[in-house]
Amino acid sequence: MRLLRRFVIRLSNLATGQSADQRLQDEIAEYLAFQTEENLRAGMSPPEARRQAALKLGAAQAIREHHHAEHSIPLIENLLFDLRYALRMLLRSPGFSFIAIATMALGIGATTAIYSVINATLLHPLPYPNPSELVRIVDDLPGVGAQGVGISVPEWRDLESSGIFQSAAITGTGANVNLTGSAQPLRLSFKQVTPNYFAVLRVDAQLGRTFHANDATPGYNLEVVLSDGLWRREFAADPHVLGKAVRLDNDVYHVVGVMPRGFRDQGSTSDEQNVDLWLGAGFAGVPFPPPLRDSRLRSRVVIARLKPGLSIAAAQGHLDALVESLKKQYPADYPAQTAWTVRLVPLSETVVGSVRQTLILLFGAVGLVLLISCVNVANLLLARTSLRGREIAVRQALGAQRTRLIRQLLTESLLLFLLGGIAGFAILFCARHFLLQLVPESLPHLNNISISWGVLAFALAVSAAAGTVFGLAPACLMSRLDLTSTLRQEGRSSAGSIGRSHARQVLVVTELALSLVLMVAAGLLLRSFWDLFAVQPGFNPDRVMAIETWLPGPNDPTLDPYQTATQEAVLLREILRRSQTLPGVDEAAVGDETALPLGHKDPSRLPLIREGIETMDNQAPVIESPIVSPEYFHLLGIALERGRIFNEQDIETTPQVAVINQAAARTYWPNQDPLGKRVRLHLDTRGLPNTAQPAWTTIVGVIADARTESLADAGIPQIYRSVYQRGSKEVSIFLRGQLDISAISAQVRQQVQSLDATLPVFHAETLDEVVSTSLSVRRFSMEMVALFAATALLLAGLGIYGTISYVVNEQRREIAIRLALGAQRENILKMVLRRGLGLAAGGAGLGLAGALIVSHLMAGLLFGVSPYDLPTFAGVTIVLTGVALAASYVPALRAMRLDPITTLHAE
Amino acid sequence: MKEKPDVLQGTLALMVLKTLDVLGPLHGWGIARRIEQISGDLLAVNQGTLYPLLLKLEHEGSVASEWGASENNRRARFYRLTAAGRKQLRAETRDWEQTAAIIARFFKVKAEDLS
């Protein structure tokens, strides 16, 4: 308490500039007077009395300093003094200051930009209270190589009552529903969730309420929670929206609540996070299949909140025990060979898992750029030493302590770095809207990226850390001057400057090595991207457009006008017939969402039960199974290899047929003829209440492999079925021809809605766009790393230019003497260039070693190119050497053109 | 001539407080003189330490100071003990006595006492 009081008073003295000096002067005068009087009394002569009094007092100046130190805070006072001095130094050499600050602004600005992305994604993936308690529960059947097979309702109930979790909720991964009743039928994205979903996330509604967590309605509870966005868009932010009826897929629901603005649902894509509305359901009654233990709800996700204080590992232990006891209890539902397991994944992992590697790569790349900028500025600081050597030597000669000198030099470099950091942050802040447009939309939490206080703190912390680390070394080197020699032979190369010159060369070699690493990374990414772009996708996206519509799926199937494939076929055939009459259309086909090449978010994968091989659903491998109309293959240019494609005569009442791709043939019928083989696919994921065992499906044809799932992956097994045999609620209309992109969407909407006015038509895009979008994250990382590499190369070039110029400057006397003695000018040129080449060779050697490590680490991000790709490594090395030579050429020319007479006279 | 030892670090504050407590308000020279007298001229008070110490005690609130007139009508700055200073003096006296007692016990100790 007393300490604090003392500190506050001293601080206020410092701030107000109040000095106790006058008071001390008076007190000293008073002291002298008293002492003199006493001395007089003791019988001294007046001059002797005064002399003795002064002697007794001691050194007045020392007293004053002590007194002053007590009165204010010398540390801060010195700091302010140093700052003032540093500012003056910066202003005195504006060119140097500008380059240094600009370099740091570049490094710190770029780092901060990437950090703001990472801050929103990797560091804060879950905007919910106590996010570390949230987990995703994933069921696997490792015995049959199936992952994420989904959970059944009885299993979910077991989990709920297991005591491991505070609560566990089932949720869909997002689907579509038609909102009718407004001017234009709308397709909205929704999630069906168990009523305790929001209780698991611990987020409450801003208006009204969320679902009652204990609601036990087996099917839909006919309550709907709106997102803030939908509420504002469609309901004009009406505060009386609660209780209002909305018609979704022809069923009537009542609004019970509106989620707060900024609430983002969990999930890994923007689509999943930007849900329009939530429907509460028990997943156990109509329209869901009966809650049997073996009827797993695929495409459903289970998330849960762990009991407080329970670690994931501990919870996993409890869960394993539960799984073992369930297996014993229900041996028929959990056959031993499937090896059913349940694992817990931190929910944060599932949100950012897909882009983690890319972001880490970017952060690493930008970190290298930052390092290079720091090295560059350190280099500049060292270069300035030679100019300030005399000043520092004089200060030391006058008795300045080494620590005091270092402190002052450090203050200067810190000021430089901090100004750079602030400038970088300011530029970033001003350009944030422009920069955000560069970020691909598929990045999770795109909307959460913001330039916040935390980001500012990060920028300042990085600047301060960099300033300390990279300012300390030059400061130490500078303060270790050899006084006599510096003062005596200022202007010529001195012993101290050799140490500095070594330091500079080390710095330049580091810089070159770091930029080589970055360039190799960029080169490899560029080649991967190039290869991916040039890859034969196996389908022809040229002049193809996809437009989506959505058929309603009412909860009571008897109300569904498109309940059977036959009923749906009438509509689809008519849509196709009318589409073909539209201007420019050559071909038309329909398919479900999975049939949209590269555009689907979550492919429907069904268990494949091969006749005579698998006997039970939950033992089967899963396979991607698009549903398409017969024209689909020709429209996309996917060739038939063997057998036939299903045709107009394959309808609901005729035997079920399917076409597989070569990958499926290779995988599931190796060395056999798949034609005529029979398979069964499990109940549709939509969970229509169709309990009858699906009939056998015969494979009638094999088509060529097409990269419709991912451009990077050639052989994903697929089985195609006819939309006329197996209906689909999601319908993509594919059109090929000379299409008028601006008009076609409206034309298709008109045609579709003249058939059924309740159908929404949305999301028209060309397949070329879809293909390009599917590469957006790769393109983004490639572009960013390439940008960073270019920056690094530029900085390294500047660094080597500066160092060679410096060397030439130091040696100009030597060069002049050589020239005067008759050295050939070309030899001088060669000598300097050799210097540059030596640095480049050192940098390249170190850099190649580093690049090998880095490329090995980023192997997962590459496609079609080896991490040790020789042409990339060689090309990058050549570029780097070329830049180094070019950067040394200018000072080399200067050295060559040196006039020996003027130079020697000037010395 | 043997140098007079300076006041032990940390004890000067206690001496100043005690002096002010016993003798009432005093000016800087008076405090120094009194401490030297009380010590039987065995101690020398270093002015370079005394004035900063007085300032520190004032910042801490243990003493207060104001200009006044000395006994022979000379202008001087007088320091006096505040209530907080009195409290501090009591606490430090207690501490010091305790320390002294402990040290005294160590001086008195003999080998047979511990066997």
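Residues numbered from 1 in each chain as written. Chains lettered and ligands numbered in written order. Predicted model: local features only at pLDDT ≥ 70, side-chain atom pairs only at ≥ 80, totals over all residues.

A. Geometry of the overall build of chain A. If you tally the helices and strands in chain A, you get 28 helices and 23 strands. Dimensions along the principal axes, computed over C-alpha positions, put chain A at roughly 130 × 80 × 55 Å. Split into buried and exposed, the 907 residues of chain A put 44% on the buried side. Restricting the contact set of chain A to residue pairs at least 6 apart, pairs at least 24 apart contribute 83%. (Helix = DSSP H or I, 4+ residues; strand = E, 2+ residues; numbered from the N terminus. Buried ≥ 20, exposed ≤ 12 C-beta atoms within 10 Å, placed from the backbone. Contact = placed C-beta atoms within 7 Å.)

B. Geometry of the overall build of chain B. Each helix and strand counted, chain B has five helices and three strands in total. If you list the helices and strands of chain B from N to C, you get α-β-α-α-β-β-α-α. The C-alpha radius of gyration of chain B comes to 17 Å, more than 25% above the 13 Å expected for a compact globule of 115 residues. For chain B, the C-alpha atoms occupy an extent of roughly 65 × 40 × 20 Å along the three principal directions. With 115 residues in all, chain B has 29% of them scored as buried. (Rg over C-alpha atoms; globule rule 2.2 N^0.38 Å.)

C. Representation of the pairing of strand S2 (residues 165–172) of chain A within the structure. Residues and elements named next belong to chain A. Here S2 lies mainly inside the structure; six of its eight residues are buried. Looking at chain direction, S2 and strand S10 (residues 300–306) are connected through seven bridges and run antiparallel. Pairing of Ala169 across the sheet is with Ile303, part of S10. (Pairing = 2+ DSSP bridges.)

D. Region of the structure containing the packing of helix H19 (residues 565–580) of chain A against helix H22 (residues 741–755) of chain A. Residue and element names in this part refer to chain A. Orientation of H19 relative to H22, taken along the N-to-C sense of each, is 145°, at an axis distance of 10 Å. Considering how the two elements wind past one another, H19 and H22 form a crossing that is right-handed. For the pair formed by H19 and H22, the contact residues are Leu571, Glu574, Ile575, Arg578 and Ser579 on the first element and Val748, Gln751, Val752 and Leu755 on the second. In terms of residue class, the contact of H19 with H22 is made up of five nonpolar, two polar and two charged. (Axes fitted to C-alpha atoms, helices over the stretch in contact; angles between N-to-C directions. Left-handed = near helix turned anticlockwise from the far one by under 90°. Nonpolar A, V, L, I, M, F, W, Y, C, P; charged D, E, K, R; others polar.)

E. Quick peek at the environment of A:Asp21. Within the secondary structure, A:Asp21 is located in helix H2 (residues 21–41). Here the alpha-carbon distance between A:Asp21 and A:His68, two residues 47 residues apart in the chain, equals 7.3 Å.

F. Local environment of the confidence of the model for chain B. Taken over all residues, the pLDDT of chain B has a mean of 82, while the share at 70 or more is 90%. Among the prediction metrics, the complex's ipTM stands at 0.77, with pTM recorded as 0.73. (pLDDT = per-residue confidence, 0-100.)

G. Structural view of the interface of chain B and chain A. The interface of chain B with chain A comprises 16 residues on the first partner and 21 residues on the second. Contributions of two or more residues to the side of chain B that touches chain A are made by helix H2 (28–38), helix H3 (47–60) and strand S3 (75–81) of chain B. A per-element tally of the side of chain B that touches chain A places H3(B) first, with eight residues. The residue makeup of the side of chain B that touches chain A, split by class, is five nonpolar, seven polar and four charged.

H. Inspection of the confidence of the model for chain A at higher detail. Residues and elements named next belong to chain A. Here chain A shows a mean pLDDT of 84. Residues at 70 or above account for 92%. Ignoring residues within four places in sequence, the model shows residues 491–495, a span with pLDDT below 50, making eight contacts including any to other chains. Between residues 684–691, whose pLDDT stays under 50, and residues either more than four places distant or in other chains, the model counts 16 contacts.

I. Focus on helix H27 (residues 870–896) of chain A. If you check H27(A), its first and last C-alpha atoms are 37 Å apart, about what 27 residues at 1.5 Å a residue would give, namely 39 Å. The principal kink in H27(A), of about 30°, is found at A:Tyr889, preceding the proline A:Pro891 by one to four residues. (Expected span 1.5 Å × (residues − 1). Bend = angle between axes of the 7 residues up to and from the residue.)

J. Molecular detail of helix H4 (residues 60–71) of chain A. All names here are of chain A. In this model H4 runs 16 Å from its N-terminal to its C-terminal C-alpha over twelve residues, within 8% of the 16 Å that 1.5 Å per residue would give. Along H4, the residues classified as buried are Ile63, His66, His67, Glu70 and His71. Summarising the axial view, the buried residues of H4 lie within an arc of 140°, below the 170-degree limit, and thus occupy one face. Facing away from the buried side of H4, by more than 90 degrees, are the exposed residues Gln61 and Ala62. (Arc of directions from axis to C-beta.)

K. Just the packing of helix H1 (residues 11–23) of chain B against helix H4 (residues 83–108) of chain B, in detail. Residues and elements named next belong to chain B. For the pair H1 and H4, the least separation of the axes is 10 Å and the interaxial angle reads 125°. If you check the angle between H1 and H4, you find them oblique. Crossing geometry of H1 relative to H4 is assigned as left-handed. Every residue of H4 that contacts H1 at Leu14, Leu17, Lys18 and Asp21 is listed here: Gly85, Arg86, Gln88, Leu89, Glu92 and Trp96. (Parallel < 35°, antiparallel > 145°, perpendicular 65-115°, else oblique.)

L. Geometry of the nonpolar core. All names here are of chain A. Counting 105 residues, the largest nonpolar core has Leu512, Leu518, Val785 and Ala792 as the members making the most contacts within it. With 18 residues, the single largest contributor to this core is helix H13 (residues 356–397). Residue contacts for Leu518: discarding those within four places in its chain leaves Ala365, Leu368, Phe788, Ala789 and Ala792. (Core = buried A, V, L, I, M, F, W, Y, C linked by C-beta atoms within 7 Å.)

M. Seen up close, the environment of A:Ile575. Residues and elements named next belong to chain A. On the secondary structure map, Ile575 appears in helix H19. Residue Ile575 is classed as buried on the basis of its C-beta count, with 22 C-beta atoms lying within 10 Å. Along the backbone, Ile575 and Gln753 are 178 residues apart, and their C-alpha atoms lie at a distance of 9.8 Å.

N. Looking closely at the sheet that holds strand S1 (residues 26–27) of chain B. Residue and element names in this part refer to chain B. Taken together, three strands build an open sheet; the order of strands is S1-S3-S2 and the sheet is antiparallel. The open sheet has two free edges, formed respectively by S1 and strand S2 (63–69), since each of these has just one partner strand. Judged from the seven bridges that link them, S2 and S3 form a sheet pairing that is antiparallel. Residue Ser65 lies in a different strand from S3, and its bridge partner there is Tyr79.

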